[in-house]
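Coordinate inspection notes
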Amino acid sequence: MRPSLDKTILFIAASLPALALLWLLPTGGLGVNPIREGMHYTGDWAIRLLILALAITPAAKVSGAKKLFRYRRMIGLFAFFYGLLHVFTYVVLDHFFDAETIIKDIAKRPFITIGMGVFLILLALAVTSTNKMVRRLGARRWQALHRLVYAAGIGTAVHFTLSVKKDITEPLIYSAIIATLLLARLLLRYELLPRLSLRSS
Amino acid sequence: MLIRIRRAGDVRESEITPEGLYLSRRHFLAGGAAAALGLSMNPARAETALRALGPLRKSGFSATEERTPYEAVTSYNNFYEFGLDKEDPAANAHTLKPRPWSLRVEGEVMRPQTLEVDDLIAKTPLEERIYRLRCVEAWSMVVPWVGFPLSSLLKRVEPTGKAKYVAFETLHDPKQMPGQNKEALEWPYREGLRLDEAMHPLAILAVGLYGRVLPNQNGAPIRLVVPWKYGFKSIKSIVRIRLTERQPRTAWNVAAPDEYGFYANVNPDVDHPRWSQAKERRIGDFFRRDTLMFNGYGDEVAQLYSGMNLRRYF
Ligand code: HEM
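Residues numbered from 1 in each chain as written. Chains lettered and ligands numbered in written order. Predicted model: local features only at pLDDT ≥ 70, side-chain atom pairs only at ≥ 80, totals over all residues. Heavy atoms only, no water.

**Let's talk about the sheet that holds strand β6 (residues 165-170) of chain B**
Residues and elements named next belong to chain B. If you walk across this open sheet you meet the 5 strands as β3-β2-β11-β6-β7, and the pairing is mixed. Every other strand in the sheet has two partners, leaving β3 (113-116) and β7 (190-194) as the edge strands with one partner each. The sheet shows a mean angle of 15 degrees between the axes of neighbouring strands, direction not considered. Sheet topology places strand β2 (residues 102-107) next to strand β11 (residues 238-244); 4 bridges connect them, and they run parallel. Across the sheet, the residue bridging to R104 is R240, located in β11. Most of the contacts of helix α6 (residues 150-157) go to β3, to which it runs at about 135 degrees, and overall it touches β2, β3, β6, β7 and β11. (Pairing = 2+ DSSP bridges. Helix = DSSP H or I, 4+ residues; strand = E, 2+ residues; numbered from the N terminus. Axes fitted to C-alpha atoms, helices over the stretch in contact; angles between N-to-C directions. Contact = heavy atoms within 4.5 Å.)

Right, dumping it as structure tokens:
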């Protein structure tokens, strides 16, 4: 099957931040402490794509643009991909497999523990994202599992907020967006938000 | 605009910069490339725009490790008066006017004084001190400072018997330091040392680096350097030094008392709540290296803390 044009464009767009790294790294675009900057860069793109993935369902339901659902899986997988780059930066580039430090970090530092939890959720969702896995798990169980994406959203917001040294403005903005998306989801569930989709279907 | 007048005693550029642009193969890919790019794209920021200092005495306290490239030392700074990102000070610190500059020394002293910094520079024998700088964020550099022992200044003002601490203050002027319009920290930035720490020969007031006057982003025109403590203790752009009986307030301790102590001695065994302090990344390196107790200055300074619980007084 040939991939459709819209999905191809989306794929390329979502790959751009990662491709940019190939340019930024050798040209010094990440500054004189590129590994630390890389942690921020990959973390930022992971949370952005996660937010985009979380936005699909409420946006599709409110607007009635069912087409949007077509993109949800790919965007979610990209969120996982940037999360993976982020964790790779931490484990390989920053600590070079220094197990003692990494284990101590995960056990002792709440923001790292939470980051790890979010990563495991995204990993589980990525592994079970195929049609085959949906069939194997059964729709009900699959859905229950994939609701964990909300825990991932909240976890990421907390992880980001706890990670900064000073000035939590930026993580609070991301947290507010995530909170809004969760609220929209709740309101939709209890039929408290208008669904234009009822009209269009 | 600084006008450069070469005096007989001036150190020639070629003497200060034997390796040309201070670049070396060992430097990690991006760091080296950034330095190269920065230099080629931004000639105004190159160190040649700044007045050379000299003559400079060499010091037995100098480290022999490879120095961090000038471009890295002057482009990666924590100086919240000019923004919270490391690149902000280099981009924004041009609003600071480091000359003329007066420094007030007062408090529990017999002879309080107001000093003109350029006058002080002209009259004080200057030394080059190549020190390791360990940031509390677990990165480090090696910086060739130019300065003089803090003790020489303190002796001049004759501390009274009541003086137990030395309190330092950065300039407070949001016009020159726009970051002070935001309440990121309690302004002005304050730091402090115990008097015996301040009198230690390793503690210096720096007025330059790499043989030239300090760039604004590094704390022009005069700053503290205490190499056995985390970088935030080494307060920049100082306007006031006050000897006190009580332990003074210090900016980061006020902001987050459980994260940043008054002493802030480099200590690989006492973690920051959010990260380990056991290792650090030297700017330009790929692998982390072990952090040394008192940043490797234990032989000189450990006796200042004998009998003290360094976990409690972190
Ligand atoms: C084992 C898992 C993880 C570890 C060890 C980890 C570790 C870190 C560290 C060390 C920082 C930077 C702190 C600093 O230097 O300022 C950070 C920041 C961040 N992380 Fe993670 N993280 C993990 C998982 C995740 C995941 C799965 C996401 C998103 C889906 C994420 C999103 C972020 C964001 C948004 C930031 C802030 C970036 C910024 O300051 O601009 N992290 N993380």
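**Describing the packing of helix α8 (residues 148-163) of chain A against helix α9 (residues 169-189) of chain A**
All names here are of chain A. Interhelical geometry of α8 versus α9 gives an angle of 165 degrees and a closest axis separation of 9 Å. Looking at the two axes, α8 sits roughly antiparallel to α9. Considering how the two elements wind past one another, α8 and α9 form a crossing that is left-handed. Residue-level inspection shows Y150, G153, I154, A157, F160 and T161 of α8 in contact with α9, the latter providing E170, P171, L172, Y174, S175, I178, L182 and R185. Grouping the amino acids of the contact of α8 with α9 by side-chain chemistry returns 9 nonpolar, 3 polar and 2 charged. (Parallel < 35°, antiparallel > 145°, perpendicular 65-115°, else oblique. Left-handed = near helix turned anticlockwise from the far one by under 90°. Nonpolar A, V, L, I, M, F, W, Y, C, P; charged D, E, K, R; others polar.)

**What to know about the coordination of the iron atom of the ligand**
Residue and element names in this part refer to chain A. In the first shell of the iron atom of the ligand, the protein supplies H86 (NE2) and H159 (NE2), at 2.0 Å from the metal. Coordination at the iron atom of the ligand comes from 6 donor atoms whose angles at the metal span 88 to 180 degrees, giving a geometry best classed as octahedral. Of the two residues, H86 sits in helix α3 (residues 69-94) while H159 sits in helix α8, which places them 73 residues apart along the sequence. (Donors = N, O, S within 2.8 Å, 3.2 Å for Na, K, Ca; no water. Tetrahedral: all angles 85-135°; square planar, octahedral: opposite > 155°, others 65-115°.)

**Remarks on the pairing of β3 of chain B**
Residue and element names in this part refer to chain B. Side-chain alternation along β3 places Q113 and L115 on a buried face and T114 and E116 on a face that remains uncovered. Sheet topology note: the β2/β3 ladder contains 4 bridges and is antiparallel. By the bridge assignment for β3, S102 is matched with E116. In this antiparallel pair of consecutive strands, β2 and β3, the connection spans 5 residues. (Buried < 20%, exposed > 50% of the residue type's maximum accessible area, 1.4 Å probe, protein only.)

**What to know about unusual backbone geometry**
Residue R99 of chain B is joined to P100 of chain B through a cis peptide bond whose omega torsion reads -10 degrees. Considering the arrangement of structural elements, one finds P100 of chain B in the loop between α4 (88-92) and β2. With an omega of -5 degrees, the peptide bond running from W187 of chain B to P188 of chain B counts as cis. Along the chain, P188 of chain B turns up in the loop between β6 and β7. At F97 of chain A, a residue that is not glycine, the phi angle is positive and equals roughly 55 degrees. A relative accessible area of 52% means that F97 of chain A is categorised as exposed. Of note, the phi angle at A264 of chain B is positive, near 50 degrees, even though the residue is not glycine.

Purely spatial values, then, with no claim about function.
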